[in-house]
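# Per-entry structural report
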Amino acid sequence: MIQLGAPALRQAFAALLLAICFLSTPVAAQTFPELSGRVVDQAGLLEPASEAALTDRLAALEAETGDQLVVVTLDTLQDYEIEDYGYRLGRAWGIGQSENNSGVLLIVAPNERKVRIEVGYGLEPILTDAFASHVIQTQMLPAFRDGEFQSGIVAGSDSIMAQLRLDPVEAAARAAEVAAQPARPDFPFGAGIIVALVFGFVLIGLIRASSAGGKRRRGRVSPVLVWAAADMLNHATRSGSRSSGSIFRGGGSGFSGGGGSFGGGGASGGW
Amino acid sequence: MVRLNARQAGIAAVVVMLPAMAGCGYNTIPTQQERAEAAWADVQSQYQRRADLIPNLVATVQGAAIAERTTLTQVIEARARATSIQVSPDTLSDPAAFEQFQAAQGQLTSALSRLLVSVEAYPQLQANQNFVQLQAQLEGTENRIAIARRDYNEAVRAYNTTLRTFPSVIWAKTAHSGSQPMQLFNATTEAQTAPSVTFNLGPAQPGGAAPTVTPGSAPTAQ
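In this text the structure is predicted, and so the values were computed from the model without any measurement. Starting from 1, residues in each chain are numbered consecutively following that chain's sequence as written. Note on labels: chains are lettered from A, ligands numbered from 1, in written order. Selection of residues for local features in this predicted model requires a pLDDT of at least 70, selection of side-chain atom pairs for listing and counting requires 80 or more, and totals for whole chains, interfaces and linings are taken over all residues. Think of the side-chain values as coming from all heavy atoms in the structure, minus any hydrogens and water.

## Points about the packing of aromatic side chains
Residues and elements named next belong to chain B. Condition: Stacked, tilted and edge-to-face are the three classes applied to pairs of Phe, Tyr and Trp rings, where Trp contributes its six-membered ring and a pair requires centres within 6.5 Å; stacked means planes under 30 degrees apart, edge-to-face means over 60, and tilted covers the rest. Numbering of helices and strands runs from the N terminus; a helix is a DSSP stretch of H or I covering at least four residues, while a strand is a stretch of E covering at least two. Classification of residues uses two cut-offs on accessible area relative to the type maximum, computed with a 1.4 Å probe and protein chains only: under 20% is buried, over 50% is exposed, and between them is partly exposed.
Inspection of the entire model under this criterion finds 13 aromatic pairs over all chains. When the ring of Tyr152 is compared with that of Phe185, the centres are 5.5 Å apart and the planes differ by 70 degrees; the resulting orientation is edge-to-face. Taken together, the residues span a long stretch of sequence, with Tyr152 in helix α6 (residues 129-164) and Phe185 in the loop between α7 (168-173) and α8 (189-192) at a distance of 33 residues. Judged by relative accessible area, Phe185 falls into the buried class, the value being 6%. One aromatic cluster is present, built from ring pairs that chain together Trp40, Tyr47, Phe98, Phe101, Tyr152 and Phe185.

In structure tokens form, the structure reads like this:
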């Protein structure tokens, strides 16, 4: 009976495991829309023409100040509070430069009737909570209440861009800070030196062993050193690829975040 | 020749041992401890930020001649209590000290939210630009506190896990035996229950139109 039922049992067990996996994933994993550009219009609130115009202005802002402002409209907040969703989205996308966390998200969730300006760590002194709240209350919510999403979004993002450019000296300093940051070498030089030393020892050992004609010695010492060198190389390449992963800024043509982080600055509103 | 080989073997042993120790999690415990302590510093600075905003808020509310004396006093007292309790990174593993800190900050949170809800009934305060700004700053600070607490919990959970899982548990019992698990924030009873507010709009209340205003139900007011 057990033999008869065993495959069925196993299948049932596998199905149960799968079911548990599927049941548990919605709780654990939060999905975010793809970062398709500087304007991610998931909810379809913007005309293509004004979306393109806005994208150009956002790109000009980054070229000028180094700050990344991304406009997002969302179909659903997946039952999260917009404050909760916003900083996670910002961190997931890595909006803003990793050097100074200069990212801003303008999030509009028309179905939940919520709007939020999420400000990265580095811009909190410039885009204060009070300023963000003021922009939402005066520039965005009145338009949103009339269903004029496009004009509200454009007015809101224009106010944010104006504030980021307000002090040209400060904005230029921010841009310079990002530009001055030298591209970190992908290859860790410290590990490289050790690897070179180990290879040197191996080489010396090999030369000495072969000149002495001692097969036994070469057979005993070298493998240890070769193994150590291999281990070092392994470590070096692993850490090297990891650090290059955080520096690499997406594909050639598309837009991607610079690795900035968020800590809950900004303000929200509802209508 | 033999001497040289012994030295070579010694160097090789050191070269092999260092990454091997790192690979076995010798560095994991101090790294994650530092991360958790940094997250704690962030939590404290966000709480401090809130405490710094309160005197301004109290002054603004008092300046508007609001008759919410008990609510205001509660906020002032809760702030004094909360700022007097500090938890240094060394005492993060002390449940009693952590519990005290959390309780004091939780009382301040609930006193503040009671105040903010009760002053919604005063239109003269809602029209005060200074108050509106303060309110936005307070909301932002509460949000930052929530995120800082969550980040701290995540860092501590990772740290506490390394203290109990293989292979880092070996180091936790030997070389890093001084490392103790840190305390986590948990949702307090104050946080789980919405603040209950009784509007004491007695005869002494000058704002006659106030009782008709229901908080948050007038979208055309702005």
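## Concerning unusual backbone geometry
All names here are of chain A. Despite not being glycine, Asn101 has its phi angle at roughly 50 degrees, a positive value. Structurally, the position occupied by Asn101 is in the loop between α3 (82-93) and β3 (103-109). The residue Arg113 is not glycine, and still its phi comes out positive at about 55 degrees. Position of Arg113 among the secondary structure elements: in the loop between β3 and β4 (114-120).

## As for the UniProt feature "coiled-coil region" (unreviewed entry) in chain B
Our working definition: UniProt positions are given in the numbering used here, feature names are shortened, and annotations may be inferred rather than shown by experiment.
Taking the numbering used here, the UniProt-annotated feature "coiled-coil region" (unreviewed entry) corresponds to residues 124-158 of chain B. Between the first and last C-alpha atoms of residues 124-158 of chain B the distance is 49 Å; the span itself is 94% helix and 0% strand.

## Section: the confidence of the model for chain A
The line we're drawing: The predictor reports its confidence for every residue as pLDDT, a score running from 0 up to 100. Contacts were defined at the residue level, with two residues in contact if any of their heavy atoms lie within 4.5 Å.
Scored by pLDDT, chain A has a mean of 78; 70% of the residues are at 70 or more. pLDDT under 50 marks residues 238-253 of chain A. Its contacts with residues more than four places away, or in other chains, come to 15 contacts.

## Brief notes about helix α2 (residues 28-63) of chain B
Residue and element names in this part refer to chain B. As a reminder of what qualifies: In this analysis, the expected span of each helix is defined as 1.5 Å times one less than the number of residues it contains. One axis fitted to the seven residues ending at a residue, another fitted to the seven starting there: the angle between these axes is the bend at that residue.
In a regular helix each residue adds 1.5 Å, so 36 residues correspond to 52 Å; α2 covers 53 Å between its end C-alpha atoms and thus fits that length. For α2, the principal kink sits at Ile54 and spans about 25 degrees; a proline, Pro55, occurs within the next four residues. In the segment just after α2, Ala65 is the residue with positive phi, at about 55 degrees.

## Quick notes on the nonpolar core
Where we set the bar: For the purposes of this section, nonpolar cores are sets of buried Ala, Val, Leu, Ile, Met, Phe, Trp, Tyr and Cys residues that join through side-chain atoms within 4.5 Å.
Within the largest apolar cluster, 45 residues are counted, with the highest numbers of intra-cluster contacts made by B:Trp40, B:Leu57, B:Val61, B:Leu125, B:Tyr152 and B:Phe185. Of all the secondary structure elements, the ones that give two or more residues to this core are α2, α3 (69-84), α4 (95-118), α6 and α7 of chain B. Looking at this core, the element that brings in the most residues is α2(B), giving 11 residues. Filtering out sequence-adjacent residues up to four positions away, B:Leu125 remains in contact with B:Thr60, B:Val61, B:Ala64, B:Ile66, B:Val119 and B:Phe131. Listed in part, the 31 residues of the second largest apolar core include A:Leu54, A:Leu69, A:Val119 and A:Ile126.

## Regarding the sheet that holds β4(A)
Residues and elements named next belong to chain A. Counted only if it meets this: By the convention used here, strands pair only if DSSP detects at least 2 bridges between them. Convention adopted: a line fitted to C-alpha atoms gives each axis, helices being fitted over their contacting stretch, and angles between N-to-C directions are expressed from 0 to 180 degrees.
Pairing is mixed in the open sheet, where 5 strands are placed in the order β1-β2-β3-β4-β5. Two strands close off the open sheet at either side, each with one partner strand: β1 (39-41) and β5 (262-270). With strand direction ignored, the average angle separating the axes of adjacent strands in the sheet is 10 degrees. One ladder, built from 6 bridges, connects strand β2 (residues 68-73) with β3; its direction is parallel. Pairing of Val70 across the sheet is with Leu105, part of β3. Contacting β3, β4 and β5, helix α4 (residues 129-145) runs over the sheet at an angle of about 35 degrees to β5.

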